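Structure at a glance
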Amino acid sequence: MNRVAQTRLSLKDLIMPYFVVSGKNKQQPIHSLPGLYRFSSDNLVKEIKEIKTQGISKVLLFGKAEHKDAEGSESFSKDGALQQAVRMIKEKIKGITVITDVCLCGYTLSGHCGIVKGSPRQIDNDRTVKVLAKIASSHAQAGADLVAPSAMMDGQVGAIRKMFDQHGFGSRGILAYSAKYCSNFYGPFRDALDSRPQFSDRKTYQMDFRNSDQALKEIKADISQGADIVMVKPALAYLDIIRRAKDNFKFPLAAYNVSGEYAMVKQMAKAGVIKEKEMILEILTAIKRAGADLIITYHAKEAAKWIK
Ligand code: PBG
């Protein structure tokens, strides 16, 4: 019964992710994510104006590199696609919370979230953290309200917080991808951003899905390093982690309903075996019921029509 339902979805819970490419007047369909596009900044501004009228006021932006190199140096360029998009959105639209993903995987030739060194090849955690702080600084400079470090490097939140404090960005926030599992559900996203690891996998820095206590340890560390919101990712196969995180910390908590979770729904809908709208609302409500205060979801735009 509606009157006694314990969980109610609200538009302010939802964050819509977008992929940004450089150039003008671009809207490229993403094969792995039916119904979604990569936008150039001008078209992204139009798109965000539209979702704003539907009641969505938070977006998470991913930049797609034009030129990759070993160190992913385009990631902190002030003229990168992402930095330009943030500036344009902040200039043209009021009342939108702009969150930017801070990572290297879309910018490095290796496709890894960090800088690779040595033989056998390894990720250089500490050098990567310095670059992540530079990326976050370039996003803050462009006007980002919150940055979302997703590389799973140790110390990344603390380094960004310190940089913010030293450079007058004290009012900017950090949405920390704290408990990010090494997951098979990221496949479609890696197509969208062309960010597949070119050798090996991300198991040395993302979490093993057999573990639960470690998630709490990671979240605790990020809170102590100055995160404003912590995150569990993915969401659906990790509702137990979301609930444990909420019960243990009483801290703003986000969950990421990732690309593979979205694509599964779209494929089932295409096959005609589900009621799509009902399933999407069930999924989003379950993530909220598990304890998420905020839900990052590619369904945000379509769900807005049904929530109100
Ligand atoms: C990596 C990053 C990933 C996602 C967001 N940031 C995935 C990865 O580890 O390759 C996944 C999001 C999704 O699947 O929707 N920086």
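Everything numeric here is computed off the predicted structure, so don't read it as measured data.

**As for the pairing of strand 12 (residues 294-297)**
Burial of the side chains of strand 12 extends over both faces: L294 and I296 are buried on one face and I295 and T297 on the other. One ladder, built from two bridges, connects strand 1 (residues 14-21) with strand 12; its direction is parallel. Across the sheet, residue I15 finds its bridge partner in strand 12, namely I296. For strand 11 (residues 253-257) and strand 12, the ladder comprises four bridges, and the chain directions are parallel. Bridging across to strand 12, N257 finds its partner in T297.

**A short note on the packing of aromatic side chains**
Per the stated rule, a full pass over the model turns up eleven aromatic pairs. Here F19 and Y298 contribute two aromatic rings whose centre-to-centre distance is 6.3 Å and whose plane-to-plane angle is 5°, an arrangement assigned as stacked. In this pair, F19 is assigned in strand 1 and Y298 in the loop between strand 12 and helix 10 (300-307), connecting sequence segments 279 residues apart. Neither F19 nor Y298 differs from the other in exposure class; each is buried. An aromatic cluster is built from F19, F62, Y177, F189, Y256, Y262 and Y298, whose rings are joined through pairwise contacts. The ring of Y186 is capped by K180, whose NZ or CZ atom sits 5.7 Å from the centre of that ring. The lysine or arginine in question, K233, covers the ring of Y186, its NZ or CZ lying 4.5 Å from the ring centre.

Cut-offs applied
- The residue numbering used here restarts from 1 in each chain and proceeds along that chain's sequence as written.
- The model is predicted, so local features are restricted to residues of pLDDT at least 70 and side-chain atom pairs to those at 80 or more, both for listing and for counting; the totals for chains, interfaces and linings are taken over all residues.
- Only heavy atoms go into the side-chain values, all of them from the structure, while hydrogens and water stay out.
- A 1.4 Å probe rolled over the protein chains alone gives each residue an accessible area, and that area as a share of the maximum for its type sets the label: buried under 20%, exposed over 50%, partly exposed in between.
- Numbered from the N terminus, helices here are DSSP runs of H or I no shorter than four residues, and strands are runs of E no shorter than two.
- At least two bridges found by DSSP between two strands are what make those strands a pair.
- Pairing of aromatic rings covers Phe, Tyr and the six-membered ring of Trp, with a centre-to-centre limit of 6.5 Å; geometry is then stacked below 30 degrees between planes, edge-to-face above 60, and tilted otherwise.
- In our convention, an over-ring charge means Lys NZ or Arg CZ found within 6 Å of a ring centre and within 35 degrees of that ring's normal.

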